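Architecture and fold: a report
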Amino acid sequence: MKLLPEFLKGIIKQNPIFVLALGLCPVLAVSTSVKNALGMGAAATFVLVGSNCIVSLIKKAVPDKIRIPCFIIVIATFVTIAELVMKAYSPALNRALGIYVSLIVVNCVVLGRAEAFASHRTLPASLVDALGMGVGFTLGLALISAVRELLGSGQLLGYTILPGFQPALMMALPPGALLVIGGMLGFFNLLKGRRE
Amino acid sequence: MGNKLIVTAAPHMHAHQSTARIMWGVSLALLPAGAAGVYLFGYAALAVIGTAVAAALATEWLLQKMTRRQVTLLDGSAFLTGLLLAYNLPSGVPLWMPAVGSFFAIAVGKQIFGGLGQNIFNPALAARAFLMASWPAYMTSFRAPGFDAVASATPLSALKEGHLRQVYSYLDLFLGNKGGCIGEVCVVGLLAGAVFLFLKGYITWHIPVSYLFTTGILHYVFGPSGLFSGDWLFYLLSGGLVLGAFYMATDYVTSPLTAQGQLIYGTGCGLLTAVIRLWGGYPEGTCYAILMMNAVSPFIDRYTRGRIYGTGKMR
Amino acid sequence: MNAGHFLAIFISSIFVSNVILSRFLGLCSFIAISKETRPALAMSSAVFFVIVMSSAITWVVYNYLLIPFDLAYLRTISFILVIASCVQLVEMVVRKFMPALYRMFGIYLPLITVNCAVLGVAVLNTDMFFSKGKPLPGSFIFSIFQGVCVGIGYTLAMLLMSAIRERLEYSRVPEAVREFPIAFVTASLMSLSFMGFNGFRF
């Protein structure tokens, strides 16, 4: 049982955002700044790890027909925990992320990993898979938000990087998010095409 | 003459027209309005036009080289895009803005869709909306005509902010003696070019007439002091409406193909323009109205296309 | 509660904060199922129906179950259960009584459970129309109306996008940006044009 490849595949080869194009709603909505993106990535990773572990543990006990609702309840439980923790310790982040924290429940990455991986794998493998996917998701989110924050406000993590630059406000708005993700997906396709 | 653009199944008649001819023809028709813009706003306007056109041509060349496609600078489409973008900018913008805008227009508005004839949105308008969303402060600071660079409002923005508008006579509006974007102010120049386009058969009446008619009616009905009291002529002569209706809404690639579809499209443009002007947050809605209808245009085409010869009734 | 309020919700849900193009809810389904008009229409009508229904039911659940028993923190779990059962119910009813309709959008129904637009509207309704644990006046009507408008906004975006992508099928879109990337760029330009409705006032 090799665990390292299971971890690494989520970061590059099967990156949930750029390769699988999953879980894009929060990616676009909260990527206005790197800070929000990291918060979102942390919350999503927490939910991924928690739900993948539990799903892997209960996989034998769950009847096949109602497995999806069961998985969703498991996921929703972890989302609620994440929500409450965030509300208690970082209310500002909670306000910035808004409804998108609750919406981790319906994030295709989380349900997708539970269904496609954890529901028929061992606990350690599921744990590592979730960690890899979570890190990959967070990295992708950070990358997109870095581009948007840099172009949209000339800053990174709140520090001004490009002093003389007139920020293109559009990048911080919804059309900018769609444009950046479209451009990045195209760019990665191009790289993939070159390598093959 | 007017029937040249009707889309039908074969047999067809050759009409001695080519993309390049039409593109350069439209550019030629835009000349009087541009000349008036330079006369009114000074050399700054000329610099904006030059930068936009040069950047558009450079981007087109670069992208076609990079994607190893045939370089088609001479078909005039990139030139026209740059020209139209410049016409939609205020004369006082810093010169990097037309350059960035032209790059956006050609790269994101056109080449990413596969180049000329494949784009969904009018590239110049997409770029204008991009500049408006990105650097609104520059895009809304207009200068009064004359070489002294006095800050001024456009008639529409003055109206939106609630100032009186006695300063503008219809003649002023018609000739272009008002604040605004470089190419939109001189209505008489634009109309002269439009007449040329009609005579050449480059555009048909469907889109401009349905567009202007709808906007005019709505402005007349929803006037400032109750129903049917609007000053429709003032609204028709203000802002980018004439430029939009004759030169940008009629873009072949991004408007519907059939006459019926064009009437729907023009009416939609008119409706959206008036709604944005009357109740929206922006003083002028032409650009957004045309962009929105560009998005609707494949849908209109889908439901107005003619039946194929020899097949049954239209679905 | 007046006409202006309704109009504001209408314009805002359909254009300014379009559920897909501005709030990015239901984006996965938007990108995946907008390749052709027919399935896009089927998907949108299914989503429309479920959104309206779940807006009503989640309001009732929130107002009469969660708030009185001080369980508001269970919002996410209970809403997703409501939506899942709602979808299940719709599927059964449609299969039994409207087999033609079932054939049309049957396969999309199960997907709607995880369509963030549905849960998103339910959560938005409770954020917007409840204040300090009390429903604002007319909040039930507003919730349903917002559900209807979001459904319209979703359908509009889906239909326009599907017609555009049908046309793009015949375009010489560069290899690297085919499919998803070009769909996102198109969506970006659509979203840009919808910005024209920013700052509406009546």
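Since this is a predicted model, take the numbers as computed values, not measurements.

1. Examining the overall build of chain B
For chain B, the count of helices and strands is 15 helices and four strands. For chain B, buried positions account for 57% of its 315 residues. The long-range share in chain B, meaning contacts at least 24 apart out of those at least 6 apart in sequence, stands at 73%. As displayed, chain B has an accessible area near 13,300 Å², and 69% of this comes from carbon and sulfur atoms.

2. Observations concerning the interface of chain C and chain B
Listed as interface residues are 30 residues of chain C and, on the opposing side, 35 residues of chain B. A per-residue breakdown of the area chain C buries against chain B is headed by Arg167(C), Arg172(C) and Leu189(C), which together make up 22% of the total. One salt bridge connects Arg302(B) with Glu166(C), and the closest N-O pair in it is separated by 2.8 Å. For the pair chain C and chain B, the number of links is nine residue pairs in polar contact (both at pLDDT 80 or more). Going through the elements one at a time, α8 (139–168) and α9 (180–194) of chain C are the ones with two or more residues in the side of chain C that touches chain B. When residues in the side of chain C that touches chain B are grouped by element, the largest group, eight residues, is from α9(C). Along the lines of polarity and charge, the residues of the side of chain C that touches chain B split into 19 nonpolar, seven polar and four charged.

3. Let's talk about the interface of chain C and chain A
A common way to report how large an interface is uses the accessible area buried once the components associate. Contact with chain C, which involves 33 residues of that partner, is made by 35 residues of chain A. Taken over both partners, the interface formed by chain C and chain A buries close to 2,900 Å², and the fraction arising from carbon and sulfur atoms is 83%. When the area that chain C buries against chain A is broken down by residue, the three leading residues are Phe24(C), Thr76(C) and Phe184(C), summing to 21%. Taken together, the links from chain C to chain A amount to zero salt bridges. Where chain C meets chain A, there are three residue pairs in polar contact (both at pLDDT 80 or more). Counting residues per element, the ones that place at least two in the side of chain C that touches chain A are α2 (27–33), α4 (75–97), α7 (116–129) and α9 of chain C. At eight residues, α9(C) tops the list of elements feeding residues into the side of chain C that touches chain A.

4. Here we look at helix α6 (residues 123–134) of chain B
Residues and elements named next belong to chain B. Compared with an ideal rise of 1.5 Å per residue, which puts twelve residues at 16 Å, α6 spans 16 Å between its outermost C-alpha atoms and is within 8% of the ideal. Among the twelve residues in α6, twelve count as buried, and that is most of the element. Residues of α6 that are buried: Pro123, Ala124, Leu125, Ala126, Ala127, Arg128, Ala129, Phe130, Leu131, Met132, Ala133 and Ser134. Two or three places before Ala124, at the start of α6, stands the capping residue Asn122, its side-chain oxygen 3.1 Å from that residue's backbone nitrogen.

5. Remarks on the state of the cysteines
Residues and elements named next belong to chain C. Under the criterion given, the structure shown has zero disulfides over all chains. A disulfide-free cysteine, Cys149 has its sulfur positioned 18 Å from the sulfur of Cys86, the nearest such atom. Here Cys149 falls in the buried class, since its relative accessible area comes to 1%.

6. Some thoughts on the pattern of salt bridges
Should the charged atoms of two oppositely charged side chains come close, the side chains can pair. All names here are of chain C. For the coordinates displayed, the defined rule picks out seven salt bridges over all chains. Note that Glu179 and Lys35 form a salt bridge whose closest N and O atoms lie 2.9 Å from each other. On the criterion of sequence distance, the pair formed by Glu179 in the loop between α8 and α9 and Lys35 in the loop between α2 and α3 (37–66) is long-range, its members being 144 residues apart. Lys35 gets classed as partly exposed once you look at its relative accessible area, which sits at 33%.

7. Re a nonpolar patch on the surface
On the surface, a nonpolar cluster with roughly 630 Å² of combined accessible area is contributed by Leu38(A), Leu151(A), Leu157(A), Tyr159(A), Ile161(A), Leu162(A) and Phe165(A). On the accessibility criterion, Leu38(A) (38% relative accessible area) is partly exposed.

8. A few points about unusual backbone geometry
The backbone of Arg68(B) sits at a positive phi, close to 55°, despite the residue not being glycine. Tracing the chain through its elements places Arg68(B) in the loop between α3 (43–66) and α4 (77–87). The exposed category is assigned to Arg68(B), whose relative accessible area is 73%. At Phe24(C), a residue that is not glycine, the phi angle is positive and equals roughly 60°. Structurally, Phe24(C) is set in the loop between α1 (3–16) and α2. Looking at Phe24(C), the relative accessible area reads 2%, which means it is buried.

9. Quick look at the packing of α4(B) against helix α5 (residues 96–110) of chain B
All names here are of chain B. Axis separation between α4 and α5 bottoms out at 10 Å; the angle between their running directions is 130°. By the criterion of interaxial angle, the relationship of α4 to α5 is oblique. Every pair of crossing elements has a handedness; the one defined by α4 and α5 is right-handed. Contact residues: Ser77, Ala78, Thr81, Gly82 and Leu85 in α4; Pro98, Gly101, Ser102, Ala105, Ile106 and Lys110 in α5. A breakdown of the residues in the contact of α4 with α5 according to their chemical character gives five nonpolar, five polar and one charged.

About the thresholds
Residues numbered from 1 in each chain as written. Chains lettered and ligands numbered in written order. Predicted model: local features only at pLDDT ≥ 70, side-chain atom pairs only at ≥ 80, totals over all residues. Heavy atoms only, no water. Helix = DSSP H or I, 4+ residues; strand = E, 2+ residues; numbered from the N terminus. Buried < 20%, exposed > 50% of the residue type's maximum accessible area, 1.4 Å probe, protein only. Contact = heavy atoms within 4.5 Å. Areas by Shrake-Rupley, 256 points an atom, 1.4 Å probe, with all protein chains shown as cover. Buried area = accessible area lost by both parts, 1.4 Å probe. Salt bridge = Lys/Arg side-chain N within 4 Å of Asp/Glu carboxyl O. Polar contact = N/O pair within 3.5 Å; in protein donor to acceptor, adjacent residues only side chain to side chain. Nonpolar A, V, L, I, M, F, W, Y, C, P; charged D, E, K, R; others polar. Expected span 1.5 Å × (residues − 1). Disulfide = S-S within 2.5 Å. Patch = residues over 30% accessible without salt bridge, like charges linked within 9 Å, V, L, I, M, F, W, Y side chains within 5 Å. Axes fitted to C-alpha atoms, helices over the stretch in contact; angles between N-to-C directions. Parallel < 35°, antiparallel > 145°, perpendicular 65-115°, else oblique. Left-handed = near helix turned anticlockwise from the far one by under 90°.

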